[in-house]
Amino acid sequence: MSTRDTTTLLTQLRTVRDLTHTEIQIAETRTAQARTEAVRRELSENADNARARAEAVEAAIRELGGVPQLIGPFLGRAAATFKTVGEQAQSFDEALLNDLALEHRLLDRARYIKALATDAQRADLVTLADRLISAHTATVQWLTTVLAEDALGGPAALRRTPFQAATGTAVRLANLPITWSTQGIDRLLDLFRSAGPALEEALDRGAHASQVAAKTLGASRDSALATAERVTRREGVDSAADTLHSLRTTTGVLESDELPVDNYDNLNVNQAVSAIKSLTRPADIRAVLAYEEAHKNRTNVVSAAETRFAAIAQDITGLN
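Residues numbered from 1 in each chain as written. Predicted model: local features only at pLDDT ≥ 70, side-chain atom pairs only at ≥ 80, totals over all residues. Heavy atoms only, no water.

## A look at the overall build of the protein
Then, number 1: Across its full length, the protein holds 12 helices and 0 strands.
Then, number 2: Evaluated residue by residue, the protein yields a buried proportion of 42% over its 320 residues.
Then, number 3: Partitioning the contacts of the protein with sequence separation of at least 6, the portion at a separation of at least 24 is 73%.
Then, number 4: Of the roughly 17300 Å² that the protein leaves accessible, carbon and sulfur atoms contribute 54%. (Helix = DSSP H or I, 4+ residues; strand = E, 2+ residues; numbered from the N terminus. Buried < 20%, exposed > 50% of the residue type's maximum accessible area, 1.4 Å probe, protein only. Contact = heavy atoms within 4.5 Å. Areas by Shrake-Rupley, 256 points an atom, 1.4 Å probe, with all protein chains shown as cover.)

## Side note on the packing of helix α10 (residues 269-277) against helix α12 (residues 299-317)
Then, number 1: Where α10 meets α12, the closest approach of the two axes is 9 Å, and the angle between their N-to-C directions is 10°. Judged by the inter-axis angle, α10 sits roughly parallel to α12. Touching Val 269, Ala 272, Val 273, Ile 276 and Lys 277 of α10 are Asn 300, Val 301, Ala 304, Ala 305 and Arg 308, all from α12.
Then, number 2: Classifying every residue of the contact of α10 with α12 gives 7 nonpolar, 1 polar and 2 charged. (Axes fitted to C-alpha atoms, helices over the stretch in contact; angles between N-to-C directions. Parallel < 35°, antiparallel > 145°, perpendicular 65-115°, else oblique. Nonpolar A, V, L, I, M, F, W, Y, C, P; charged D, E, K, R; others polar.)

## Topic: α12
Then, number 1: Taking 1.5 Å per residue as the helical rise, α12 with its 19 residues ought to reach 27 Å, and the 27 Å between its terminal C-alpha atoms agrees with that figure.
Then, number 2: For α12, every residue scored as buried is listed here: Val 301, Val 302, Ala 304, Ala 305, Phe 309, Ala 310, Ile 312 and Ala 313.
Then, number 3: Each element contacted by the buried residues of α12 is listed here: α5 (123-151), α10 and α11 (282-294). (Expected span 1.5 Å × (residues − 1).)

## So, the side chain of Arg 298
Then, number 1: In this structure, Arg 298 sits in the loop between α11 and α12.
Then, number 2: Side-chain polar atoms of Arg 298 contact the backbone oxygen of Leu 267, separated by 3.0 Å.
Then, number 3: Discounting residues that sit within four places of it in the chain, Arg 298 has contacts with Tyr 264, Leu 267, Asn 268, Val 269, Ala 272 and Glu 292. (Polar contact = N/O pair within 3.5 Å; in protein donor to acceptor, adjacent residues only side chain to side chain.)

## Quick look at the pattern of salt bridges
Then, number 1: Enumeration according to the criterion identifies 12 salt bridges in this entry.
Then, number 2: With its nearest N and O atoms 3.2 Å apart, the salt bridge here joins Glu 58 to Arg 17. With Glu 58 in helix α2 (residues 37-63) and Arg 17 in helix α1 (residues 3-31), this pair connects stretches of sequence that are 41 residues apart. The same class applies to Glu 58 and to Arg 17, which are both buried.
Then, number 3: Salt-bridge contacts for Asp 48 lead to Arg 51; the nearest nitrogen and oxygen are separated by 2.7 Å. With a gap of 3 residues between them, Asp 48 and Arg 51 both fall in helix α2, about one helical turn apart.
Then, number 4: The class of Asp 48 is partly exposed, set by a relative accessible area of 43%.
Then, number 5: Residue classification places Arg 51 among the partly exposed positions, given a relative accessible area of 30%.
Then, number 6: Through salt bridges with shared partners, a single network forms among Arg 17, Asp 18 and Glu 58. (Salt bridge = Lys/Arg side-chain N within 4 Å of Asp/Glu carboxyl O.)

## Details of the packing of α1 against α5
Then, number 1: Their axes nearest at 13 Å, the elements α1 and α5 cross at an angle of 35°. Between α1 and α5 lies a crossing of left-handed hand. Each of Leu 9, Leu 13, Val 16 and Glu 23 in α1 lies in contact with α5, whose residues at this interface are Leu 125, Leu 128, Leu 132, His 136 and Thr 139.
Then, number 2: Of the residues assigned to the contact of α1 with α5, the class counts are 6 nonpolar, 2 polar and 1 charged. (Left-handed = near helix turned anticlockwise from the far one by under 90°.)

## Considerations on the confidence of the model for the protein
Then, number 1: Confidence along the protein averages 76 in pLDDT terms, with 63% of residues attaining 70 or more.
Then, number 2: Looking at the elements of the protein, mean pLDDT is at its lowest for helix α6 (residues 162-174), recorded as 47, and at its highest for α10, recorded as 95.
Then, number 3: For residues 166-189, every residue scores under 50 in pLDDT, and the model assigns this stretch 18 contacts once sequence neighbours within four places are set aside. (pLDDT = per-residue confidence, 0-100.)

## A word on the nonpolar core
Then, number 1: By size, the foremost hydrophobic cluster in this structure holds 38 residues, and its most contacted members are Leu 13, Leu 128 and Trp 142.
Then, number 2: Elements represented by at least two residues in this core include exactly α1, α2, α4 (92-119) and α5.
Then, number 3: Broken down by element, this core gets its largest block of residues, 11 residues, from α5.
Then, number 4: Residues Ala 272, Val 288, Tyr 291 and Phe 309 belong to the second largest nonpolar core, which totals 20 residues. (Core = buried A, V, L, I, M, F, W, Y, C linked by side-chain atoms within 4.5 Å.)

## Notes on the environment of Thr 145
Then, number 1: You can see Thr 145 is positioned in helix α5.
Then, number 2: Since its relative accessible area comes to 6%, Thr 145 is described here as buried.
Then, number 3: Taking the C-alpha atoms as reference points, Thr 145 and Gly 318, 173 residues apart in sequence, are found 9.9 Å from one another.
Then, number 4: Once residues lying within four places of it in the same chain are set aside, the contact partners of Thr 145 are Ala 310, Ala 313, Gln 314 and Leu 319.

## So, unusual backbone geometry
Then, number 1: One non-glycine residue, Gln 121, lies in the positive phi region at around 60°.
Then, number 2: For Gln 121, the position within the fold is in the loop between α4 and α5.
Then, number 3: Phi is positive for Asn 297, close to 55°, though the residue is something other than glycine.
Then, number 4: Using a relative accessible area of 44% as the deciding quantity, one classes Asn 297 as partly exposed.

Have a look at this one:
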């Protein structure tokens, strides 16, 4: 192998190693955002697998005569920390798109390394490149699925951080079209104004104030949302009513007869799972999942809903 070939391979391997250290730190950061324990375990395993890949890349660098870079992990942590802090001012989708861009960079460089290694007749490096290509292809597909799940309204495998949630809400409010009628808005304002005195009166009655407050706040919220949806629907402001219905859906406060599955409360686990597998609309799956989590919260049913939602997201993005 020529000196030029060796130099080019070393340059690419060093870059992949440094990017992989950043990938490791990001995977550990994302673990805290995992929606379920299964996703948390998967992200933890991804970080461990990335460490093994970084070690394999480092070994390949030494094999080519390169000097190990001791500060690689430190640089990776620094880059990931900077990214994590910076993305607090971003929306959730932008943060994930940045993760996806990193994985595409790693994937493209792995493919380039394979081409270089093939030309140099280095079977060991071709095998390493194939390993990298397989890993980053899987991660690209996973992140693409998470983005599609979020675009479809969730649930996504990752939760927003409080900062990301606030940023996303601000963006949506800034872009919300002014479509509500004056009469509809006035009715909503009257509704929420009347909720205040009623709540204060309940709290003033004395005993067990904290329990009363919690129950009253929950009931007041659920009732207010349901009433607001009815009012806006009656006023003909369907877009606002649809938004309120979506909010009720995601918080799990729909009534069982509003679910897209008949007689849902009486279904056992197998029947509920079977019914979920037949759902084709993301909104229907969201409704059933939120209701299930807010009531019985059966693990197998929740898992079936999440799996079905991911399958639809992958179909839409062409991953299946």
